[in-house]
Amino acid sequence: MTKAAELRQKDVAGLEAEIKSLQKAHFGLRMQKATQQLGNTNTLRTTRRDIARAKTILAEKQAAK
């Protein structure tokens, strides 16, 4: 789980990279779920929320420019 304070310290490029890596991880988890290999389905929820958190902070930084 990514903390909001950690994300706020990153610059715009760092946030975009973080979002991309979280989306890749979320895709992998979705594929594991589809093939019945995912044991803890709660990780899908946490990665989805981490993506939303990072996108929110990215939008705040872009609006502040």
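Rules used in this analysis
- Residues numbered from 1 in each chain as written.
- Predicted model: local features only at pLDDT ≥ 70, side-chain atom pairs only at ≥ 80, totals over all residues.
- Heavy atoms only, no water.
- UniProt positions renumbered as here; feature names shortened; annotations may be inferred.
- Helix = DSSP H or I, 4+ residues; strand = E, 2+ residues; numbered from the N terminus.
- Buried < 20%, exposed > 50% of the residue type's maximum accessible area, 1.4 Å probe, protein only.
- Expected span 1.5 Å × (residues − 1).
- Contact = heavy atoms within 4.5 Å.
- Salt bridge = Lys/Arg side-chain N within 4 Å of Asp/Glu carboxyl O.
- Core = buried A, V, L, I, M, F, W, Y, C linked by side-chain atoms within 4.5 Å.

Under the annotation held in an unreviewed UniProt entry, the protein chain carries the name Large ribosomal subunit protein uL29 and is attributed to Paenacidovorax monticola. Its UniProt record, at the heading Sequence similarities (unreviewed entry), says of the protein chain: "Belongs to the universal ribosomal protein uL29 family."

In terms of helices and strands, the protein chain carries three helices and zero strands. Along its sequence from the N terminus, the protein chain presents helices and strands in the succession α-α-α. Across its three principal directions, the C-alpha atoms of the protein chain cover 45 × 15 × 15 Å. Taking all 65 residues of the protein chain together, the buried fraction comes to 26%.

To continue, consider helix 3 (residues 42-64). Here helix 3 spans 33 Å end to end across 23 residues, near enough to the 33 Å set by a 1.5 Å rise per residue. Here the buried face of helix 3 lies against helix 1 (4-8) and helix 2 (12-34).

Two side chains carrying opposite charge are able to pair once their charged atoms lie near each other. Evaluated as defined, the whole model comprises three salt bridges. With a shortest N-O distance of 2.7 Å, Arg8 and Glu60 are connected by a salt bridge. Taken together, the residues span a long stretch of sequence, with Arg8 in helix 1 and Glu60 in helix 3 at a distance of 52 residues. Residue Arg8 is classed as partly exposed on the basis of its relative accessible area, which comes to 44%. Between Lys10 and Glu18 there is a salt bridge, with the nearest N and O atoms lying 2.8 Å from each other.

Here we take up the nonpolar core. Grouped together as the largest cluster of nonpolar side chains are six residues: Leu7, Leu15, Ile19, Ala54, Ile57 and Leu58. Where this core is concerned, the elements lending two or more residues are helix 2 and helix 3. Of the residues forming this core, the biggest block, three residues, is contributed by helix 3.

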